[in-house]
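Each chain, written out:
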Amino acid sequence: MRKTLAFLGVALALGLAQAPSPEALKGLGPEEALALAKRWREEGQRVVSYVTPKAFFFEFPDGRKAQVALKDRFLLAIAPYVSRTHPCQVHYFSSCTGELQEEVFEVRVLEGEKEVLKTQVRSGKDGFFELWLPRNRRYTLEIRWGNLAATGSVATFSQSPTCLTGFRLASR
(Lines give C-alpha, C1' and ligand atoms only; values in the text may rest on other atoms or scores of the structure.)
Protein backbone atom coordinates (compact mmCIF):
# COMPACT_ATOMS: atom_id res chain seq x y z
CA MET A 1 0.00 0.00 0.00
CA ARG A 2 2.81 2.40 0.88
CA LYS A 3 4.57 1.65 -2.41
CA THR A 4 1.36 2.37 -4.32
CA LEU A 5 0.89 5.70 -2.55
CA ALA A 6 4.54 6.59 -3.11
CA PHE A 7 4.21 5.74 -6.81
CA LEU A 8 1.10 7.92 -7.10
CA GLY A 9 2.91 10.79 -5.39
CA VAL A 10 5.83 10.52 -7.80
CA ALA A 11 3.46 10.26 -10.77
CA LEU A 12 1.70 13.44 -9.69
CA ALA A 13 5.01 15.22 -9.18
CA LEU A 14 6.12 14.24 -12.70
CA GLY A 15 3.05 15.87 -14.21
CA LEU A 16 1.05 12.77 -15.02
CA ALA A 17 -1.87 14.56 -13.34
CA GLN A 18 -1.80 16.89 -16.37
CA ALA A 19 -3.22 14.19 -18.63
CA PRO A 20 -6.03 15.62 -20.73
CA SER A 21 -9.10 15.83 -18.52
CA PRO A 22 -11.33 18.48 -16.94
CA GLU A 23 -9.55 17.73 -13.64
CA ALA A 24 -6.22 18.89 -15.11
CA LEU A 25 -7.78 22.34 -15.62
CA LYS A 26 -9.15 22.78 -12.10
CA GLY A 27 -7.70 25.83 -10.39
CA LEU A 28 -5.80 27.00 -13.46
CA GLY A 29 -5.75 30.62 -14.56
CA PRO A 30 -6.04 31.67 -18.21
CA GLU A 31 -2.29 31.69 -18.83
CA GLU A 32 -1.90 28.12 -17.55
CA ALA A 33 -4.92 27.00 -19.60
CA LEU A 34 -3.29 28.50 -22.69
CA ALA A 35 -0.02 26.67 -22.00
CA LEU A 36 -1.87 23.40 -21.46
CA ALA A 37 -3.92 23.79 -24.67
CA LYS A 38 -0.70 24.31 -26.62
CA ARG A 39 1.05 21.41 -24.91
CA TRP A 40 -1.81 19.01 -25.61
CA ARG A 41 -1.77 20.00 -29.29
CA GLU A 42 1.99 19.47 -29.56
CA GLU A 43 1.64 16.07 -27.86
CA GLY A 44 -1.02 15.04 -30.38
CA GLN A 45 -3.73 14.74 -27.74
CA ARG A 46 -7.24 14.62 -29.17
CA VAL A 47 -8.55 17.55 -27.14
CA VAL A 48 -10.50 20.24 -28.97
CA SER A 49 -9.55 23.59 -27.45
CA TYR A 50 -10.60 27.07 -28.47
CA VAL A 51 -10.89 30.57 -27.06
CA THR A 52 -13.82 32.98 -27.20
CA PRO A 53 -13.83 36.51 -25.80
CA LYS A 54 -15.02 35.09 -22.46
CA ALA A 55 -13.23 31.77 -21.88
CA PHE A 56 -11.08 28.87 -23.01
CA PHE A 57 -13.19 25.83 -23.91
CA PHE A 58 -12.00 22.23 -23.90
CA GLU A 59 -13.75 19.15 -25.30
CA PHE A 60 -12.22 15.81 -24.36
CA PRO A 61 -12.31 12.52 -26.32
CA ASP A 62 -14.63 10.97 -23.69
CA GLY A 63 -17.22 13.72 -24.30
CA ARG A 64 -16.53 15.73 -21.16
CA LYS A 65 -16.17 19.50 -21.43
CA ALA A 66 -14.52 22.21 -19.36
CA GLN A 67 -13.82 25.91 -19.51
CA VAL A 68 -11.50 28.46 -17.93
CA ALA A 69 -12.70 32.09 -17.72
CA LEU A 70 -10.45 34.79 -19.18
CA LYS A 71 -11.40 37.29 -16.47
CA ASP A 72 -10.38 40.90 -17.10
CA ARG A 73 -8.17 40.43 -20.16
CA PHE A 74 -8.73 39.46 -23.78
CA LEU A 75 -6.62 36.97 -25.72
CA LEU A 76 -5.81 37.58 -29.36
CA ALA A 77 -4.23 34.76 -31.37
CA ILE A 78 -2.46 36.27 -34.39
CA ALA A 79 -1.02 34.53 -37.46
CA PRO A 80 0.68 37.04 -39.78
CA TYR A 81 1.21 35.74 -43.31
CA VAL A 82 2.98 36.45 -46.58
CA SER A 83 1.08 34.28 -49.09
CA ARG A 84 -1.25 31.82 -47.31
CA THR A 85 -3.93 32.32 -44.65
CA HIS A 86 -7.41 31.14 -43.68
CA PRO A 87 -10.57 32.94 -42.52
CA CYS A 88 -11.10 32.66 -38.78
CA GLN A 89 -13.12 34.25 -35.98
CA VAL A 90 -12.67 31.87 -33.04
CA HIS A 91 -9.15 30.56 -32.46
CA TYR A 92 -8.88 26.78 -32.16
CA PHE A 93 -5.61 25.93 -30.45
CA SER A 94 -6.21 22.33 -31.40
CA SER A 95 -6.35 22.91 -35.16
CA CYS A 96 -5.64 26.45 -36.48
CA THR A 97 -2.35 26.67 -38.35
CA GLY A 98 -0.62 29.77 -39.69
CA GLU A 99 1.98 30.09 -42.42
CA LEU A 100 4.94 31.51 -40.47
CA GLN A 101 5.88 28.99 -37.81
CA GLU A 102 8.49 29.62 -35.12
CA GLU A 103 9.37 33.06 -36.47
CA VAL A 104 10.24 36.20 -34.49
CA PHE A 105 8.15 39.35 -34.98
CA GLU A 106 8.42 42.91 -33.71
CA VAL A 107 4.99 43.91 -32.38
CA ARG A 108 3.62 47.29 -31.39
CA VAL A 109 0.14 47.97 -30.01
CA LEU A 110 -1.20 51.52 -29.96
CA GLU A 111 -4.33 52.91 -28.36
CA GLY A 112 -4.81 56.14 -30.27
CA GLU A 113 -1.34 57.71 -30.21
CA LYS A 114 -0.34 56.00 -26.96
CA GLU A 115 1.95 52.98 -27.20
CA VAL A 116 0.43 50.22 -25.05
CA LEU A 117 2.89 47.46 -25.89
CA LYS A 118 6.16 47.10 -27.77
CA THR A 119 7.68 43.65 -27.75
CA GLN A 120 9.31 40.87 -29.68
CA VAL A 121 7.30 37.65 -29.98
CA ARG A 122 7.88 34.22 -31.47
CA SER A 123 5.12 32.37 -33.26
CA GLY A 124 4.58 28.82 -32.13
CA LYS A 125 4.72 25.60 -34.09
CA ASP A 126 1.16 26.45 -35.12
CA GLY A 127 2.19 29.78 -36.69
CA PHE A 128 0.36 31.91 -34.11
CA PHE A 129 1.48 34.22 -31.34
CA GLU A 130 -0.77 35.49 -28.58
CA LEU A 131 -1.31 38.91 -27.07
CA TRP A 132 -3.14 39.55 -23.79
CA LEU A 133 -4.81 42.96 -23.87
CA PRO A 134 -7.31 44.86 -21.70
CA ARG A 135 -10.95 44.34 -22.61
CA ASN A 136 -13.36 46.71 -24.33
CA ARG A 137 -10.81 48.72 -26.27
CA ARG A 138 -9.76 49.42 -29.85
CA TYR A 139 -6.11 49.25 -30.87
CA THR A 140 -3.81 49.58 -33.85
CA LEU A 141 -1.55 46.57 -34.24
CA GLU A 142 1.76 46.86 -36.07
CA ILE A 143 3.72 43.72 -36.95
CA ARG A 144 7.20 43.67 -38.50
CA TRP A 145 9.11 40.66 -39.80
CA GLY A 146 12.42 41.57 -41.40
CA ASN A 147 11.65 44.19 -44.05
CA LEU A 148 7.95 43.24 -44.18
CA ALA A 149 5.18 44.83 -42.13
CA ALA A 150 1.44 44.79 -41.54
CA THR A 151 -0.79 47.23 -39.72
CA GLY A 152 -4.45 46.99 -38.81
CA SER A 153 -7.16 47.56 -36.24
CA VAL A 154 -8.02 45.08 -33.51
CA ALA A 155 -10.67 45.20 -30.81
CA THR A 156 -11.27 43.43 -27.53
CA PHE A 157 -15.04 43.63 -27.12
CA SER A 158 -17.46 40.80 -26.27
CA GLN A 159 -18.14 40.12 -29.98
CA SER A 160 -14.57 40.60 -31.25
CA PRO A 161 -12.72 37.76 -32.98
CA THR A 162 -10.05 35.91 -31.02
CA CYS A 163 -8.36 34.58 -34.18
CA LEU A 164 -6.65 37.17 -36.39
CA THR A 165 -5.38 35.84 -39.70
CA GLY A 166 -5.69 38.93 -41.91
CA PHE A 167 -2.34 40.60 -41.21
CA ARG A 168 -0.57 40.24 -44.58
CA LEU A 169 3.10 41.13 -44.33
CA ALA A 170 4.33 43.21 -47.27
CA SER A 171 7.16 45.63 -48.12
CA ARG A 172 6.57 49.11 -46.72
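This structure is a prediction, so every number in the text was calculated from the model and none was measured.

Visitor: Explain the packing of aromatic side chains to me, using residue names and the numbers behind them.
Guide: Inspection of every chain in the model, using the stated rule, returns 10 aromatic pairs. With centroids separated by 5.8 Å and ring planes inclined at 75°, the aromatic side chains of Trp40 and Phe60 adopt a geometry described as edge-to-face. Here Trp40, found in helix H3 (residues 30-42), pairs with Phe60, found in the loop between strand E2 (55-59) and strand E3 (65-69); they are 20 residues apart in sequence, far enough to count as distant. Here Trp40 matches Phe60 in class, with each residue buried. Put simply, the rings of Trp40, Phe56, Phe58, Phe60, Phe93 and Trp132 pair up and form one aromatic cluster.

Visitor: Summarise the pairing of strand E9 (residues 138-145); cite the residues concerned and give the values.
Guide: Bridge count for strand E6 (residues 104-111) against E9 is 5 bridges, and the pairing is antiparallel. Pairing of Val109 across the sheet is with Leu141, part of E9. Judged from the 8 bridges that link them, E9 and strand E10 (residues 148-155) form a sheet pairing that is antiparallel. Looking at E10, one finds that Leu141 is bridged to Gly152. Linking two consecutive strands that pair antiparallel, namely E9 and E10, is a turn of 2 residues; a positive phi of about 60° is found at Gly146 within it.

Visitor: Describe the pairing of strand E1 (residues 48-51), with residues and values.
Guide: Note that E1 and E2 share 4 bridges and pair antiparallel. Within E2, the position partnered with Ser49 by the bridge is Phe58. Between E1 and the antiparallel strand that follows it, E2, lie 3 residues. Bridge count between E1 and strand E5 (residues 91-92): 2 bridges; the pairing is antiparallel. Following the sheet pairing, Val51 is matched in E5 by His91.

Visitor: Please provide a residue-by-residue account of a nonpolar patch on the surface, values included.
Guide: On the surface, a cluster of nonpolar side chains totalling about 190 Å² of accessible area is made up of Val48, Val90 and Tyr92. Turning to its location among the elements, Tyr92 is positioned in strand E5. Relative accessible area serves as the criterion here: at 30%, Tyr92 is assigned to the partly exposed category.

Visitor: Before we move on, could you go through the sheet that holds strand E11 (residues 163-164) and cite the residues and values that matter?
Guide: Pairing is mixed in the open sheet, where 3 strands are placed in the order E8-E4-E11. Of all strands in the sheet, those bounded by a partner on one side alone are strand E8 (129-134) and E11. Here H3 sits on the sheet in contact with strand E4 (73-78) and E8, set at roughly 165° to E8.

Visitor: For the nonpolar core, give the residues involved together with the corresponding values.
Guide: Counting 20 residues, the largest nonpolar core has Ile78 and Leu141 as its most contacted members. Those elements giving two or more residues to this core turn out to be E4, E6, E8, E9 and E10. Sequence-distant contacts of Ile78, defined by excluding residues within four places in its chain, comprise Gly127, Phe128, Phe129, Leu131, Leu141, Ile143, Leu164 and Phe167.

Visitor: Talk me through the sheet that holds E2; I want residue IDs and the actual numbers.
Guide: Across the sheet, which stays open at both edges, the 4 strands sit in the order E3-E2-E1-E5 with antiparallel pairing between neighbours. Of all strands in the sheet, those bounded by a partner on one side alone are E3 and E5. The sheet contact formed by E2 and E3 spans 5 bridges and is antiparallel. Residue Phe56 lies in a different strand from E3, and its bridge partner there is Val68. In the packing of H3 onto the sheet, the strands contacted are E1, E2, E3 and E5, and the crossing angle to E2 comes to about 35°.

About the criteria used
- Residues numbered from 1 in each chain as written.
- Predicted model: local features only at pLDDT ≥ 70, side-chain atom pairs only at ≥ 80, totals over all residues.
- Heavy atoms only, no water.
- Phe/Tyr/Trp six-rings, centres within 6.5 Å; stacked < 30°, edge-to-face > 60°.
- Helix = DSSP H or I, 4+ residues; strand = E, 2+ residues; numbered from the N terminus.
- Buried < 20%, exposed > 50% of the residue type's maximum accessible area, 1.4 Å probe, protein only.
- Pairing = 2+ DSSP bridges.
- Patch = residues over 30% accessible without salt bridge, like charges linked within 9 Å, V, L, I, M, F, W, Y side chains within 5 Å.
- Areas by Shrake-Rupley, 256 points an atom, 1.4 Å probe, with all protein chains shown as cover.
- Salt bridge = Lys/Arg side-chain N within 4 Å of Asp/Glu carboxyl O.
- Contact = heavy atoms within 4.5 Å.
- Axes fitted to C-alpha atoms, helices over the stretch in contact; angles between N-to-C directions.
- Core = buried A, V, L, I, M, F, W, Y, C linked by side-chain atoms within 4.5 Å.

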